[in-house]
Amino acid sequence: MEAKLLDMSQWVKAGEGAQGDSYNHVTDRDYMVKLYNEEVDTSDIVTELQAARNAQYMGFSTPEPGEFVTDGKRFGLKFRRIANKVSFCTAVSRDPSCLNDMAQRMVTIAKQLHSTKADKTRLPDFRDFLRTCMAGCTLDETEKWQFEKLFETVPDGDTCVHGDFHFGNLITDGKKDYLIDLSAFGYGRPEWDLAMFYFIAHFKVEAAMMYNYHIDCATALEYWNRFAEGYYGTEYNEQAVREHLKPYIFMRTLFFEVVMGHDDNLVAIREEYRPDFNSNSIWI
C-alpha cells in the first residue's frame, strides 16, 4: 500500500505517546494524523488500519480510519478526528474524582468485547500476533521451550479481544467512548486483554507511568482495582486473579520485548510472572 505524502506545514502536533505522535490539521478540524516512530514497521501500521476497519465491522466504536500517510520519514494513519477527546487515564489525571466512573465505563467496554463472538474469517487469532512478536525476541533455549509449551497448551478462545487493552487506549469526548490503537485486534481469550491491563496498572516505574499514562502508580493500581471489582463482580479475588493471569502476562512479554527491547527490566518482569512449568495445570 502506497502512503500519501503529507504537507506537515498544515499539521500541528497535538500529543505524543510511546509509539508516536498525533497531529491536528491547522484548518480542517475533521481529521487527525498519528505518525509512528521510525522504528515501527510499516506493515504493522497497515495492519492497524485494517484492524480498525475490522473493529468497526464487529460493531465497536473507533475513530473512522482513513488513509495510510507519511511525512517523508515516518509513516502513520489518518483518522476522522474526535473533537475534545481525552484518554480515560488522562481524564482521571485531570479529575481524580471521576476514577470510579471511568473504570466502570471501561468494564462495560471490556464486557462488550469479551461477549462478542468474533468473525474468524476477518479477524486474526491473537496467538498469531504473539508468535510474530516472538520471532523478533532474544530468547535462550529454555525460554524458547517454555513459550512453545505455552503456545501448544493455551486454551482456545473465540471472542473479540482488543489486544492492547488499557486505560490509555480508550478515549471519550464526554458523550461517547471509543477504542483506539487496534493493531492487535483479533479473537481469543479475554485473559489476553485482562493480562495486558493488569500488567500496565501494576507497572512499578513511576517515571514511565507518568510519561505514558499521565497518572502515578498508586492511581493506576486503584484504577485496576475498581475495574477488576466491576469486571469480576463478587468472585473477584486479587491473588486468585493474579495467579490465573500469570501465564498470559508471561506470554505478553513477547510484545513488551518488541516495544521495550531486551533489558534487565524485561528479564525481571519475566521472572516475576513466570508460571510454574512443573505444575500439572499451568492454565488455572
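Residues numbered from 1 in each chain as written. Predicted model: local features only at pLDDT ≥ 70, side-chain atom pairs only at ≥ 80, totals over all residues. Heavy atoms only, no water.

(A) Main features of the environment of Gly-76. Here Gly-76 lies in strand 6 (residues 75-80). For Gly-76, a relative accessible area of 0% gives the class buried. For the pair Gly-76 and Ser-22, spaced 54 residues apart in the sequence, the C-alpha separation amounts to 9.3 Å. Those residues in contact with Gly-76 that sit more than four places away from it in its chain are Lys-34, Leu-35, Tyr-36, Ile-45, Glu-67, Phe-68 and Val-69. (Helix = DSSP H or I, 4+ residues; strand = E, 2+ residues; numbered from the N terminus. Buried < 20%, exposed > 50% of the residue type's maximum accessible area, 1.4 Å probe, protein only. Contact = heavy atoms within 4.5 Å.)

(B) Structural context of the packing of helix 6 (residues 191-201) against helix 9 (residues 238-260). Contact pair helix 6 / helix 9: the axes reach a minimum separation of 8 Å and the direction vectors enclose 80°. The angle between helix 6 and helix 9 falls in the class roughly perpendicular. Note on element contacts: helix 9 touches helix 6 through Arg-242, His-244, Leu-245, Tyr-248, Ile-249, Met-251, Arg-252, Phe-255 and Phe-256, opposite Glu-191, Trp-192, Leu-194, Ala-195, Met-196, Tyr-198, Phe-199 and Ile-200. Taken together, the residues of the contact of helix 6 with helix 9 break down into 13 nonpolar, one polar and three charged. (Axes fitted to C-alpha atoms, helices over the stretch in contact; angles between N-to-C directions. Parallel < 35°, antiparallel > 145°, perpendicular 65-115°, else oblique. Nonpolar A, V, L, I, M, F, W, Y, C, P; charged D, E, K, R; others polar.)

(C) Examining the packing of helix 9 against helix 10 (residues 264-273) more closely. Interaxial distance between helix 9 and helix 10 falls to 8 Å at its minimum, and their mutual angle equals 165°. It follows from the interaxial angle that helix 9 and helix 10 lie roughly antiparallel. Here the hand of the crossing between helix 9 and helix 10 comes out left-handed. Taking contact as the criterion, the partners of Arg-242, Lys-246, Ile-249, Phe-250, Thr-253, Leu-254, Phe-256, Glu-257 and Met-260 in helix 9 are, on helix 10, Asn-265, Leu-266, Ile-269, Arg-270, Glu-272 and Tyr-273. A class-by-class count of the residues in the contact of helix 9 with helix 10 yields eight nonpolar, two polar and five charged. (Left-handed = near helix turned anticlockwise from the far one by under 90°.)

(D) Expanded view of the environment of Tyr-248. Within the element layout of this structure, Tyr-248 appears in helix 9. Among the residues examined, Tyr-248 registers a relative accessible area of 1% and is labelled buried. Each C-alpha atom, one on Tyr-248 and one on Ala-195, is 6.0 Å from the other, the two residues being 53 residues apart in sequence. Other than its neighbours up to four places away in sequence, Tyr-248 contacts Val-154, Pro-155, Arg-189, Glu-191, Trp-192, Ala-195 and Trp-283.

(E) Just the pairing of strand 3 (residues 20-25), in detail. For strand 3, the tally of buried residues reaches six of six residues, placing the bulk of the element in the interior. Relative to strand 3, strand 2 (residues 11-16) runs antiparallel, the two being bridged by five bridges. Directly across from Lys-13, in strand 3, lies its bridge partner Tyr-23. The loop that links strand 2 with its antiparallel partner strand 3 comprises three residues. (Pairing = 2+ DSSP bridges.)

(F) Representation of the nonpolar core within the structure. With 86 residues, the main nonpolar core has Met-106, Phe-167, Phe-185, Phe-197, Tyr-223, Trp-224 and Phe-227 as its most contacted residues. Those residues within four positions of Phe-167 in sequence are excluded, and the remaining contacts are Ser-87, Phe-88, Cys-89, Met-106, Phe-197, Ile-200, Met-209, Tyr-213, Ile-215, Ala-220 and Tyr-223. Counting six residues, the second-largest nonpolar core is a separate cluster that includes Leu-6, Trp-11, Leu-35 and Val-69. (Core = buried A, V, L, I, M, F, W, Y, C linked by side-chain atoms within 4.5 Å.)

(G) Local environment of the sheet that holds strand 1 (residues 4-5). Taken together, the six strands give an open sheet; going across it, the order is 1-5-6-4-3-2, and neighbouring strands pair in mixed fashion. In this open sheet, the two edge strands, each paired with only one partner strand, are strand 1 and strand 2.

(H) The arrangement of the sheet that holds strand 10 (residues 177-179) in detail. On the basis of which strands lie adjacent, the open sheet formed by three strands has the order 7-9-10 and antiparallel pairing. At either margin of the open sheet sits one strand with a lone partner, and together these are strand 7 (86-87) and strand 10. Relative to strand 10, strand 9 (residues 170-172) runs antiparallel, the two being bridged by three bridges. Within the sheet, the bridge partner assigned to Leu-170 lies in strand 10 and is Leu-179.

(I) Representation of helix 5 (residues 141-153) in the model. Taking 1.5 Å as the rise per residue, helix 5 with 13 residues should run 18 Å; its terminal C-alpha atoms sit 19 Å apart, in good agreement. All of the buried residues in helix 5 are Glu-143, Gln-146, Phe-147, Leu-150 and Phe-151. Seen from one end, helix 5 has its buried residues packed into an arc of 135°, which puts them on one side. The exposed residues of helix 5 that point more than 90 degrees off its buried face are Glu-141 and Glu-152. Lining the buried residues of helix 5 we find helix 4 (126-135), helix 9 and helix 10. (Expected span 1.5 Å × (residues − 1). Arc of directions from axis to C-beta.)

Such coordinate-based values are descriptive only and should not be taken to indicate function.
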